[in-house]
Amino acid sequence: MTRSARPSAAKGRTGVQTDGLWEAVTTGDEFAATDIVMAALDDGMDPEDLLLDVIAPLQARVGREWAANRITVAQEHSATAVNERVIGAVAHHPAVRRRARAAERPGRIAVACIDGEWHALPARLLAEVLRLRGWRVDYLGAQVPTPHLISHLHETGPAAVALSSSIATRLPAAHAAITACQSTGTPVMVGGAAYGPDGRYAALLGADAWAPDARAAADRLARGPLPEPRPHRVADDLPHLADRTYAHVTRTTPQLVRHVLSGLRSRIPAMAGYTDEQRNRTAEDISHIVEFFGTALYLDDPELFTAFMTWTADILTARDVPAQFLLPVLDLLLEQLTDYPRAADLLSRARTVVQEHLSGTRPGGPGGAQKGDSQG
Ligand code: B12
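The sections below set out a description of the structure shown in this document.

About the cut-offs
Residues numbered from 1 in each chain as written. Predicted model: local features only at pLDDT ≥ 70, side-chain atom pairs only at ≥ 80, totals over all residues. Heavy atoms only, no water. Axes fitted to C-alpha atoms, helices over the stretch in contact; angles between N-to-C directions. Helix = DSSP H or I, 4+ residues; strand = E, 2+ residues; numbered from the N terminus. Parallel < 35°, antiparallel > 145°, perpendicular 65-115°, else oblique. Left-handed = near helix turned anticlockwise from the far one by under 90°. Contact = heavy atoms within 4.5 Å. Nonpolar A, V, L, I, M, F, W, Y, C, P; charged D, E, K, R; others polar. Near = heavy atom within 4 Å. Polar contact = N/O pair within 3.5 Å; in protein donor to acceptor, adjacent residues only side chain to side chain. Pairing = 2+ DSSP bridges. Right-handed = clockwise from strand over helix to strand, strands pointing away. Donors = N, O, S within 2.8 Å, 3.2 Å for Na, K, Ca; no water. Phe/Tyr/Trp six-rings, centres within 6.5 Å; stacked < 30°, edge-to-face > 60°. Buried < 20%, exposed > 50% of the residue type's maximum accessible area, 1.4 Å probe, protein only.

Topic: the packing of helix 1 (residues 18–26) against helix 3 (residues 47–67)
Thinking step 1. Between helix 1 and helix 3, the shortest axis-to-axis distance is 11 Å and the interhelical angle comes to 50°. Between helix 1 and helix 3, the angle is such that the two are oblique. Note that helix 1 runs across helix 3; the crossing there is right-handed. Where helix 1 approaches helix 3, its residues T18, L21, W22 and V25 are matched on the opposing element by V54, L58, R61, V62 and E65.
Thinking step 2. A class-by-class count of the residues in the contact of helix 1 with helix 3 yields six nonpolar, one polar and two charged.

See below:
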């Protein structure tokens, strides 16, 4: 499709052919997708609105469709790859470049995903919005090793560093990265779905600022410099870590996963007939459960784990896998952790929540839940 041959589908509230864009993105048609956003910019659409009110929700929809099992993992990967190219194309549109050049020059800022964080797209959206607002942005992309990030801050001396986290299990690593960045004297702004919709973990982990989305982040930065980093010690932020429960769980994760898998095999006879792929999937699911469990212990936030467990139950149900098997998983973990009261309490709570969720006695239980909306 050429830029002059624009699709004829009706334009939505935003002035973009959102249905056409969805179709192009989910069928991997990069050219058609780019044509649609270029046409919107040609028609004078505000690029920030295009990035945040069209492309970002479309990407979130990709996540919901995958969670509900309406698109495959491959389609989700391909759609995300197309969306990344679309964001790149927006950034290079002549009107967008003109606007970024004409904006005031508030200073330099680094935008990075923390170590182990693959979700680069949300950080990229933030980077482009800050560029539009005139910032000189060093966009470092996915999984930046903390020592290299620190060297970068020493070399460039930015006004702030924006650290993005989408997956909650990387929050312990984010905590260490925040503290390390602050030790260079650079204020740290954090954001991304991992911090929760209200950003509840940002202050807990000692960040200097948090914002719910890229627009709010840019507005906050436009109001003036972030506060100087306050000195803090990781151990003082989270005093409950003194009970060593988190340390024990992370250190023994491989053993815990093995114990759960062998326990499941003896409790669920059908597992004897599993294919290699089914066995690998089960092992992966158990690893994720233990990782989320560890993160909830790190933050001392039971809800992080219970929300993940009910979300997992919905994901399994959407794929016709009996979610009942989550109950013995929790029991088997409990068997190994009876000497750790905080761990045992969290597992018992999760068991109650999962049981209520599966029997439909909990608000948001199967049938009532919006599958895939959980951001942990
Ligand atoms: C695309 C995607 C992927 C892609 C990422 C590719 C890429 N280049 O980004 C791939 C396939 C790699 C991936 C992998 C995984 N993913 Co994934 N992924 C997603 C998905 C579908 C979209 C993420 C996204 O781009 N969202 C759209 C943007 C717009 O999100 P946003 O957060 O609103 O962004 C705004 C704000 O957060 C803010 N912001 C962002 N960063 C920052 C930073 C600062 C400083 C500030 C102020 C603001 C800010 O600004 C943005 C713009 O306004 C989500 C589902 C979803 N609904 O989001 C899951 C999701 C994030 N993934 C998830 C999971 C579990 C995984 C995997 C573990 C899956 C697996 N089994 O391997 C791995 C983990 C990899 C890792 N170690 O990081 C979970 C996380 C659950 C949780 N509770 O933590 C999610 C939520 C899906 C789900 N419902 O379970 N994933």
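Notes on the site of the ligand
Thinking step 1. In the neighbourhood of the ligand, 41 residues make up the surrounding shell, with E84, W118, H119, S164 and W311 lying closest.
Thinking step 2. A distance of 2.9 Å separates a nitrogen atom of the ligand from a polar side-chain atom of E84.
Thinking step 3. In the model, an oxygen atom of the ligand is placed 3.0 Å from a nitrogen or oxygen of the L121 main chain.
Thinking step 4. Every element with two or more residues in the shell around the ligand is listed here: helix 3, helix 4 (73–92), helix 6 (120–132), strand 3 (160–164), strand 4 (188–191), helix 10 (214–222) and helix 14 (276–299).
Thinking step 5. Residues of the shell around the ligand, tallied by class, amount to 22 nonpolar, 15 polar and four charged.

Here's the deal with the pairing of strand 2 (residues 136–144)
Thinking step 1. Bridge count for strand 1 (residues 108–114) against strand 2 is six bridges, and the pairing is parallel. Among the inter-strand pairings, I109 is bridged to a residue of strand 2, identified as V137.
Thinking step 2. In terms of handedness, the path from strand 1 via helix 6 over to strand 2 forms a crossover that is right-handed.

Concerning the packing of helix 7 (residues 146–156) against helix 8 (residues 171–182)
Thinking step 1. Two elements in contact, helix 7 and helix 8, have axes whose closest approach is 10 Å; the angle formed by their N-to-C orientations is 25°. One finds that helix 7 runs roughly parallel with respect to helix 8. The element helix 7 and its partner helix 8 pack so that their crossing is right-handed. Residues T146, L149, I150 and L153 of helix 7 lie in contact with helix 8, whose contacting residues are A177, A180 and C181.
Thinking step 2. Looking at the contact of helix 7 with helix 8 residue by residue, the class counts come to six nonpolar, one polar and no charged.

Focus: the coordination of the cobalt atom of the ligand
Thinking step 1. With respect to protein ligation, the cobalt atom of the ligand binds only H119 (NE2), at 2.2 Å.
Thinking step 2. Tracing the chain through its elements places H119 in the loop between strand 1 and helix 6.

Some details on the packing of aromatic side chains
Thinking step 1. In the structure shown here, the tally under the stated rule is five aromatic pairs.
Thinking step 2. Where Y246 meets Y298, the ring centres are 4.8 Å apart and the plane angle is 70°; that geometry is what we call edge-to-face. Of this pair, Y246 sits in helix 12 (residues 245–251) while Y298 sits in helix 14; the two residues are 52 residues apart in sequence, bridging distant segments of the chain.
Thinking step 3. Accessibility expressed as a relative area gives 6% for Y298, which makes it buried.
Thinking step 4. Taken together, a centroid distance of 5.3 Å and an interplanar angle of 55° make the contact between F293 and F305 tilted. One end of the pair, F293, is in helix 14; the other, F305, is in helix 15 (residues 302–318), and 12 residues separate them in sequence.
Thinking step 5. For F293, a relative accessible area of 0% puts it in the buried group.
Thinking step 6. Through a chain of ring-to-ring contacts, the aromatic side chains of W66, F292, F308 and W311 assemble into a single cluster.

As for the environment of D43
Thinking step 1. Within the fold, D43 resides in the loop between helix 2 (30–42) and helix 3.
Thinking step 2. Separated by 27 residues in sequence, D43 and V16 place their C-alpha atoms 9.6 Å apart.

Quick look at the pairing of strand 4
Thinking step 1. Of the two faces of strand 4, both are covered, the one formed by V188 and V190 as well as the one formed by M189 and G191.
Thinking step 2. Relative to strand 4, strand 3 runs parallel, the two sharing four bridges. The partner of S164 across the bridge, within strand 4, is G191.
Thinking step 3. As paired elements, strand 4 and strand 5 (residues 209–210) share two bridges and run parallel to each other. Looking across to strand 5, one finds that V190 is bridged to W210.

Some thoughts on the environment of N69
Thinking step 1. The residue N69 is located in the loop between helix 3 and helix 4 in this model.
Thinking step 2. On the basis of relative accessibility, which here comes to 41%, the residue N69 falls in the partly exposed class.
Thinking step 3. Considered as a pair, N69 and V353 are 284 residues apart in the sequence and their alpha carbons are 24 Å apart.
Thinking step 4. Excluding its chain neighbours within four sequence positions, the residues that come into contact with N69 are A318 and R319.

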